[in-house]
Amino acid sequence: MKIQDLEFEPFISSADVQARIAFLAEAISRDYAGLTPVFLPVLNGSFMFAADLIRKVTIPCRVSFVKIASYVGMESTGDLRTLIGHEESLFNQDLIIVEDIVDSGLTLRKIMDELRSRGTRSIEAVALLRKAPARERSIDVKYVGFDIDKEFVLGYGLDYNGLGRNLNEIYKALDYPQDKT
Ligand code: 5GP
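Residues numbered from 1 in each chain as written. Predicted model: local features only at pLDDT ≥ 70, side-chain atom pairs only at ≥ 80, totals over all residues. Heavy atoms only, no water.

### Notes on the pattern of salt bridges
Here comes step 1: Counted according to the given criterion, the structure contains 13 salt bridges.
Here comes step 2: One salt bridge in this structure joins Asp-147 and Arg-130, with 2.8 Å as the shortest N-O distance. Placement of the pair is Asp-147 in strand E9 (residues 143-147) and Arg-130 in strand E8 (residues 122-130), with a sequence separation of 17 residues.
Here comes step 3: For Asp-147, a relative accessible area of 43% puts it in the partly exposed group.
Here comes step 4: Classification of Arg-130 as buried rests on a relative accessible area of 15%.
Here comes step 5: Among the ionic contacts, a cluster of salt bridges with common partners joins Arg-130, Arg-135, Asp-147 and Asp-149. (Salt bridge = Lys/Arg side-chain N within 4 Å of Asp/Glu carboxyl O. Helix = DSSP H or I, 4+ residues; strand = E, 2+ residues; numbered from the N terminus. Buried < 20%, exposed > 50% of the residue type's maximum accessible area, 1.4 Å probe, protein only.)

Structure follows, in structure tokens:
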């Protein structure tokens, strides 16, 4: 399958994704029994994973979507990235960040630090995919769907230049330069 300049091949089937999500939902429902956690899916990429995961969770829970906005700082040369959308009070709540994919883990670390500074009761993360760099850096992801190498993936919410989010299964790019991910 070709999307713009990149060729993709099937990687993780829809059935495998759904089976793994059922396992994750069961683990979360068990671990949070007696609590009412707040799921915080990080837009855009996690919308499909979050919808399938949360509908399989069997305990009472809340959902509030968040997004990372990138600003070019007026004084700094780098991007200032900040979390938006979490208007509900998260104080003293059990938060579960829902991520599509954790690569370097810097995005997740930033989100967790920012939320922690607001005084949450607990904070954990669930990610459908985790790449090797996050594993090597011991990024704190309690619930992981699939551990993968450094391939560039798309489908099931994940995009390439905005395309491919609607695909039901996950694809990986052929011949994607390892230093681009
Ligand atoms: P990190 O901060 O962990 O390096 O990057 C995480 C973000 O990078 C993800 O939320 C996702 O938006 C993007 N990303 C990382 N790897 C991939 C990939 O293989 N495919 C797609 N579509 N996005 C990726």
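### What about the site of the ligand?
Here comes step 1: Taken together, 15 residues lie around the ligand, and Ser-104, Gly-105, Thr-107, Val-153 and Asp-159 are the ones closest in.
Here comes step 2: Measuring from an oxygen atom of the ligand, one finds a side-chain N or O atom of Thr-107 at 2.4 Å.
Here comes step 3: Interatomic distance of 2.7 Å between a backbone N/O atom of Asp-159 and a nitrogen atom of the ligand.
Here comes step 4: Within the complex, the protein chains bury 78% of what would otherwise be the 510 Å² of accessible surface of the ligand.
Here comes step 5: Counting residues per element, the ones that place at least two in the shell around the ligand are strand E7 (94-102) and helix H3 (106-116).
Here comes step 6: By residue number, the principal contributor to the shell around the ligand is E7, which donates four residues.
Here comes step 7: Counted by class, the shell around the ligand contains six nonpolar, three polar and six charged residues. (Near = heavy atom within 4 Å. Polar contact = N/O pair within 3.5 Å; in protein donor to acceptor, adjacent residues only side chain to side chain. Areas by Shrake-Rupley, 256 points an atom, 1.4 Å probe, with all protein chains shown as cover. Nonpolar A, V, L, I, M, F, W, Y, C, P; charged D, E, K, R; others polar.)

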